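Single-letter residue listing:
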Amino acid sequence: MTIRWFPGHMGKALEQIEEQIRKIDVVIEVLDARLPFSSSNHKLAALRNNKVWIKVLNKNDLADPAVTKAWVRDFQLQAGVRALPLSAKKHADTKPLIKLCKDLVPRRGQPGFPVRAMVVGIPNVGKSTLINTLAGRSVAKVGDRPAITKSTQQIDLRNGIVLSDTPGMLWPDMKDQEGAYRLAASGAIGDNALDYTSVGLFAGEYLLRRYPGLLKDRYALQELPESAHDLMIAVGRKRGLLATGGVVDLHKASEAFLRELRAGKIGRISLEEPVADPPVPE
Ligand code: G4P
């Protein structure tokens, strides 16, 4: 199944970001730590304009710590880029981000002369959550679905930093279908745009290869199933998700599996690792 998501209008958002970038000191690009490549917008790099760039690897609480470490190393090889794993839901995790912004722009960060930072990222990576935690109050809408529309706003954190929200919506690259499947598995793509069974099977196949021990533990499996299909059957049986005739309802089993994966119940899982030469989409 081809995953299609969001019709576009992204050119406008990129234009607005390009315009805005001239007026700010730091770009805070929020990525999903479980899939930092697929949850980025690859066109953003062209807009860098020598600005200080912080890649926040958010949802660190859900990602595999060893893989996240590898991503941080990989990103920090890029000139002018700093990478910081955190969980935007935790106030303490966001303190190093404040410090990093100030350290990277030492000429600013005083009352009346704040560091101007812009938060960018695709829907559902946790931008609103991060802004709210940094602000210490609810200033941005946290969505239970991707792509809740928001207007640009400026938020004075009253600690020497002024944040601006992404103007417009940035999409990931849906031409990269592997990436689209990873995004779907992570929950970043609206559920009505996807077919649980194929996404569940995709994620199941990856976990069988990469995290077999976690699967065995979670579903109390004596033997590792030979295929993702067999895994879904095992999950369906464990969860009692049977259709008429007592056969496992594959759709419901995949849905349950994805729900548990997204909530971190199977364990801390990353869905992609840095590679020497990642495929950069045009
Ligand atoms: P966005 O502005 O980039 O679109 O993302 P938003 O903050 O709306 O967050 C999208 C979802 O990701 C929300 O879940 C939010 O709670 C969750 N989230 C954000 N940061 C983190 C994090 O560090 N760790 C974890 N585990 N989750 C995070 P939701 O299910 O849509 O809403 P809810 O569960 O908060 O009700």
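Figured I'd write up the structure that's included with this text. (Residues numbered from 1 in each chain as written. Predicted model: local features only at pLDDT ≥ 70, side-chain atom pairs only at ≥ 80, totals over all residues. Heavy atoms only, no water.)

Examining the pattern of salt bridges
Okay, step 1: As enumerated under the stated definition, the model contains 14 salt bridges in all.
Okay, step 2: In this structure, the salt-bridge partner of Lys55 is Glu29, at a minimum N-O distance of 3.0 Å. With a gap of 26 residues between them, Lys55 in strand β2 (residues 52-58) and Glu29 in strand β1 (residues 26-32) connect regions that are remote in the sequence. By the burial criterion, Lys55 is buried, and Glu29 matches it.
Okay, step 3: The shortest N-O distance in the salt bridge between Asp64 and Arg210 comes to 4.0 Å. (Salt bridge = Lys/Arg side-chain N within 4 Å of Asp/Glu carboxyl O. Helix = DSSP H or I, 4+ residues; strand = E, 2+ residues; numbered from the N terminus. Buried < 20%, exposed > 50% of the residue type's maximum accessible area, 1.4 Å probe, protein only.)

A short note on unusual backbone geometry
Okay, step 1: Positioned with a positive phi, Arg158 is a non-glycine residue whose angle comes to about 60 degrees.
Okay, step 2: Residue placement: Arg158 occurs in the loop between β5 (154-156) and β6 (161-164).
Okay, step 3: You can call Arg158 exposed: its relative accessible area is 68%.

Here's the deal with the side chain of Asp25
Okay, step 1: Relative to the helices and strands, Asp25 is located in the loop between α1 (10-21) and β1.
Okay, step 2: According to the relative accessible area criterion, Asp25 is buried, its value standing at 5%.
Okay, step 3: At a separation of 3.5 Å, a polar atom in the side chain of Asp25 contacts the side chain of Arg107.
Okay, step 4: Only 2.7 Å separates the side chain of Asp25 from the backbone nitrogen of Arg116, close enough to count as a polar contact.
Okay, step 5: Among residues more than four places away in sequence, those in contact with Asp25 are Lys51, Val52, Val105, Arg107, Arg108, Pro114, Val115 and Arg116. (Polar contact = N/O pair within 3.5 Å; in protein donor to acceptor, adjacent residues only side chain to side chain. Contact = heavy atoms within 4.5 Å.)

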